[in-house]
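Here are the chains, one letter per residue:
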Amino acid sequence: MYALTQLDDYNRLVMAISENDIPCIHQVINIALRNGTSIREVVNKLEDTLEGVYRPRGYGASDLDIATLVFRLGGRQLLFALKQGLKIPSLRTLRAKSIFTSLTPTISPIRNDKFHQNIQHIVVDTRADSLPLRGISFMIDKIALEEMAVHFSKFNKVGSLCWKHSNIIDPVLRTYDSAVSIAQKIHDGHLHLGKELTVIGVSCFGEDQIYPILAAPTCKTEDTSDMERILAQTVECWNSNDAVTSVGPAWSFVTDGDATRRAAGHKLFIKMPLAPDSPLYGTLINIPGLNLFTGAGEMTLDFDFKHIFKCMLCICTLIRSPAGIVINNGRIINSMMLAYYLVWLPAYEEAAVMKLLYPDNPQDVPRAVELMLAIIKFSNSQLRVSNDSFSMDINTRADVASIYLLSKLLESILMPFIYVELSLSQQIIFLRACYPKSTHQSFPSLGTASAPRIPARACIFEALRGMVKNTIFSLAKQQSLDPHAPFFLGDIGDDPLEILFGCTCMIGGHNSACSYAQAIDCLAAAQDIDGVFKRHPELDPGHRRLKLTHHKGVDHINREIWKGEIISGRCDLPLSWCKGRDDALSILTTSQLDPVHYFYVELFNTTSGIDMLRPFGNNKYLGI
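Residues numbered from 1 in each chain as written. Predicted model: local features only at pLDDT ≥ 70, side-chain atom pairs only at ≥ 80, totals over all residues. Heavy atoms only, no water.

As a further point, take the overall build of the protein chain. Along the backbone of the protein chain there are 23 helices and 11 strands. The buried share of the protein chain, taken over its 624 residues, is 53%. In the protein chain, the proportion of contacts linking residues at least 24 apart, taken out of those at least 6 apart, comes to 73%. Accessible surface for the protein chain amounts to roughly 28,600 Å². Of this, 54% is attributable to carbon and sulfur atoms. (Helix = DSSP H or I, 4+ residues; strand = E, 2+ residues; numbered from the N terminus. Buried < 20%, exposed > 50% of the residue type's maximum accessible area, 1.4 Å probe, protein only. Contact = heavy atoms within 4.5 Å. Areas by Shrake-Rupley, 256 points an atom, 1.4 Å probe, with all protein chains shown as cover.)

The biggest cluster of nonpolar side chains holds 127 residues, and the ones touching the most others in it are Phe138, Leu197, Trp238, Phe253 and Leu284. Here this core takes 11 residues from helix H17 (residues 394-418), the largest share from any one element. When sequence neighbours within four positions are dropped, the list of residues in contact with Phe138 reads Gly201, Val202, Ile213, Thr234, Val235, Trp238, Ala250, Ser252, Phe253, Val254 and Met299. (Core = buried A, V, L, I, M, F, W, Y, C linked by side-chain atoms within 4.5 Å.)

Turning to the pairing of strand E4 (residues 196-204), a few remarks are in order. Burial analysis of E4 places 8 of its 9 residues in the buried class, the great majority of the element. When strand E1 (residues 136-144) meets E4, the two strands line up antiparallel, connected through 9 bridges. From the neighbouring strand, Ile143 faces E4, where its bridge partner is Leu197. Inspection of the sheet shows E4 paired to strand E5 (residues 210-218) by 8 bridges, in the antiparallel sense. What sits directly across from Ile200, in E5, is Leu214. (Pairing = 2+ DSSP bridges.)

Another aspect to go through is the layout of surface pockets. In this structure, the second largest pocket occupies an estimated 850 Å³ of space. Lining the second largest pocket are 29 residues, and of these Ile99, Thr126, Gln209, Gly531 and Arg535 lie nearest its centre. For the lining of the second largest pocket, the elements supplying multiple residues, two or more each, are helix H4 (61-86), helix H6 (112-124) and helix H21 (516-535). Looking at the lining of the second largest pocket element by element, the count peaks at 6 residues for H21. (1 Å grid on protein atoms, 1.4 Å probe; cavity = no way out; pocket = protein on both sides within 12 Å on 5 of 7 lines; lining within 4 Å. Points joined across faces, edges and corners; volume = space filled by probe spheres on them.)

The next subject is the confidence of the model for the protein chain. Residue-level pLDDT values for the protein chain average 81, and 79% of them are 70 or greater. Overall, residues 440-454 carries pLDDT values under 50, and its contacts beyond four positions in sequence, including any with other chains, amount to 25 contacts. In the predicted structure, residues 551-555 sits below a pLDDT of 50 and forms 6 contacts with residues beyond four places in sequence or in another chain. (pLDDT = per-residue confidence, 0-100.)

This part is about the packing of helix H14 (residues 350-357) against helix H15 (residues 365-381). Between H14 and H15, whose axes approach to 9 Å, the crossing angle comes to 120°. Looking at the two axes, H14 sits oblique to H15. As for how H14 packs across H15, the hand of that crossing is left-handed. Residues Lys355, Leu356 and Leu357 of H14 form the contact with H15, whose participating residues are Arg367, Glu370, Leu371 and Ala374. (Axes fitted to C-alpha atoms, helices over the stretch in contact; angles between N-to-C directions. Parallel < 35°, antiparallel > 145°, perpendicular 65-115°, else oblique. Left-handed = near helix turned anticlockwise from the far one by under 90°.)

This next bit is on the side chain of Asp256. Following the sequence through the fold, Asp256 ends up in the loop between strand E6 (250-255) and helix H10 (259-269). Within polar-contact distance, the side chain of Asp256 engages the backbone nitrogen of Asp258 at 3.1 Å. Apart from residues no more than four positions distant in its own chain, Asp256 is found in contact with Asp141, Arg261, Phe303 and His307. (Polar contact = N/O pair within 3.5 Å; in protein donor to acceptor, adjacent residues only side chain to side chain.)

Right, let's get into the packing of H6 against helix H8 (residues 224-239). The axes of two packed helices give the description: the angle between them and the distance between them. Taken N-terminus to C-terminus, the directions of H6 and H8 make an angle of 55°; their axes are 10 Å apart at the nearest point. The angle between H6 and H8 falls in the class oblique. Crossing of H6 against H8: the hand is right-handed. Between H6 and H8, the contacting residues are Asn112, Phe115, His116, Ile119 and Val123 on the first element and Gln233, Thr234, Glu236, Cys237 and Trp238 on the second. Here the residues of the contact of H6 with H8 are counted per class, giving 5 nonpolar, 4 polar and 1 charged. (Nonpolar A, V, L, I, M, F, W, Y, C, P; charged D, E, K, R; others polar.)

Strand order in the open sheet made by the 5 strands is E5-E4-E1-E6-E9, with mixed pairing throughout. The sheet is open, and its two edges are formed by E5 and strand E9 (300-303), each paired on a single side. On average, each strand axis in the sheet is tilted by 25° relative to the strand beside it, whichever way the strands run. Contacting E1, E6 and E9, H10 runs over the sheet at an angle of about 155° to E9. Those strands touched by helix H20 (residues 495-507) are E1, E4 and E5, and its axis lies near 35° from that of E1.

Note that side chains of opposite charge can pair when their charged atoms are close. Enumeration over the complete set of coordinates arrives at 19 salt bridges. Here Glu411 ties to Lys408 by a salt bridge, and the two come within 3.3 Å at their closest N and O atoms. With a gap of 3 residues between them, Glu411 and Lys408 both fall in helix H17, about one helical turn apart. Both residues of the pair, Glu411 and Lys408, count as buried. Here the salt bridges share partners, and the residues they tie into one network are Asp141, Asp256, Asp258 and Arg261. (Salt bridge = Lys/Arg side-chain N within 4 Å of Asp/Glu carboxyl O.)

So, on to unusual backbone geometry. The phi torsion at Asn156 lies on the positive side, around 55°, for a residue other than glycine. Mapped onto the secondary structure, Asn156 falls in the loop between strand E2 (150-152) and strand E3 (157-159). The exposure class assigned to Asn156 is partly exposed, which follows from its relative accessible area of 30%. Despite not being glycine, Ser160 shows a phi value in the positive range, around 70°. Note on placement: Ser160 falls in the loop between E3 and helix H7 (176-188).

Attention now moves to H6. Among the residues making up H6, those that are buried are Lys114, Phe115, Asn118, Ile119, Ile122, Val123 and Val124. Looking at the buried positions of H6, the neighbouring elements they touch are E4, E5, H8 and helix H9 (243-246).

On to the packing of aromatic side chains, then. Considering all chains together, one arrives at 13 aromatic pairs under this definition. Between the aromatic rings of Phe71 and Phe100, the centroid separation amounts to 5.5 Å while the plane-to-plane angle is 35°, which identifies the pairing as tilted. Of this pair, Phe71 sits in helix H4 while Phe100 sits in the loop between helix H5 (91-97) and H6, and the two are 29 residues apart along the sequence. Both rings, one in Phe138 and one in Trp238, keep their centres 5.8 Å apart while their planes meet at 85°; by these two values the pair is edge-to-face. (Phe/Tyr/Trp six-rings, centres within 6.5 Å; stacked < 30°, edge-to-face > 60°.)

A separate point is H7. Compared with an ideal rise of 1.5 Å per residue, which puts 13 residues at 18 Å, H7 spans 19 Å between its outermost C-alpha atoms and is within 8% of the ideal. Directly after H7, the chain includes Gly189, whose backbone phi takes a positive value near 85°. (Expected span 1.5 Å × (residues − 1).)

With respect to the helices and strands, the residue Leu64 is situated in helix H4. For Leu64, a relative accessible area of 12% translates into the label buried. In sequence terms Leu64 and Ile88 are 24 residues apart; their C-alpha atoms lie 7.8 Å from each other. Once you skip the residues sitting within four places of it in the chain, Leu64 turns out to touch Pro89, Leu94, Lys97 and Ser98.

Assignment of secondary structure puts Phe488 in the loop between helix H19 (454-481) and H20. Exposure remark for Phe488: the relative accessible area of 7% places this residue in the buried category. Through-space distance from the C-alpha of Phe488 to that of Glu560 is 9.9 Å; in sequence the pair is 72 residues apart. When neighbours within four sequence positions are excluded, Phe488 is seen to be in contact with Ile557, Asn558, Arg559, Trp562 and Ile566.

Below is the structure:
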């Protein structure tokens, strides 16, 4: 009889769950089981909950994360509505049990105390003490602002004034005349409203989190010295904070193709040779051709690899431009040549090729990657035919041979980031192989009559070589810090900051611009949303324009899906570098270039003053 009664209780439980939408069912059952309640009592509790007599208390971490996501994306009204319908935590509960990100605004010239507040509150205080030390990468970029002044009631100050010229006024609204004085300065042109927002973020190698530490409005009149001061101030504040010992040392500073930031970074982070007593010296001195100049604390300058992808295949430069790339003793590879040859591939008709060469959005990374892969596929498909001396005319043979050299350059740049089977050593081999090929596919074109195009081309290849140099330095630093930790190549670049900007724009309703106060709130909200997505990646829809491929079901190629061996201590940097050099030489020897241009034993000796960033010697850097 007892068994039949117990079975009946279980049947009641199953029927109660299947026939009713019981709010907070997980909390009801969990609380009942913790209290040792019988099945009959559990069923009674569920019935009381369904009738509104009993309301369980207590929420788990997942409940708070979902409520945070709802509040940050939809606001308090949506959170209230879902609280009533789905019984998720209320705003009062959320504020009591969670800590929202609060970014300190820059209402005056950029000062150290603002940096210290954001570093302490946003970075140091939010990280668990058990986390190991990580290498740190700073990243800087800008987003649009609406040119309007805002009032921060907490400080009683006027915000959204450009940081460069705001030192000439007192932003505190003491009287009516204070507001009139500020307005007059703006009218006279001595002071400006911010047109863009300069954002600096911190990212840790081995992690995906991004921490914004500066958001300063700018009038876009900064020169190299101004930007140099901001970069140096950022590093100085980090090094003088507890973050160095609790989070980790600064390794690199990432920027995109902006000329002012690139020049400032060059002055700061490529100014002194690596000291012989450095723990990195024994490894890096055995890498021929590597530029060993760094900044204070052995920091290096980095460039976003996705920006390099876009620049190398941008609609106004290089392959997609009529000028194209000049390689293999005068063959010009441009959009017209590629439009003629890519249709030879069975998978590409003329319309598809035109879409690759002339995309609607030049910032579409997957489209740029698809074009590079198409060039590689075409070259591989013609390899056997081109070896047959009677299969094609001499002009076609010369074109195909030039495209083959270009494809090997693109393959060396692209494969380390998208081919998840590669080990860390193989990735370094590919990156080293692209170093000399990028050099000799860009330098011959610098001597042509098209002088106005030289700076843009030089800057693109300078960014490519700077990215490779930073990768080598960062890997050597990781081997010194913790050789048992993995080193994921996707940690270089400023992808986390781009994702933060995407989330910021999404919160702002995809408006072209927002006020400074709204931008500060949206950046803080984006930080909270990013934290929820990192804890619950199944909730993250991803960002289609930042994907490396168009494959469905895969957004960013990340460390979780990488299959190759990427433990830093298992990569022999000098050996991998030399193997990559040999691979590059095996390709360059098939070209029509004079061997004197790639005789590296002679070029990269200790007295020549030539390395990959200074191909002409005399301490002259390409693109600077």
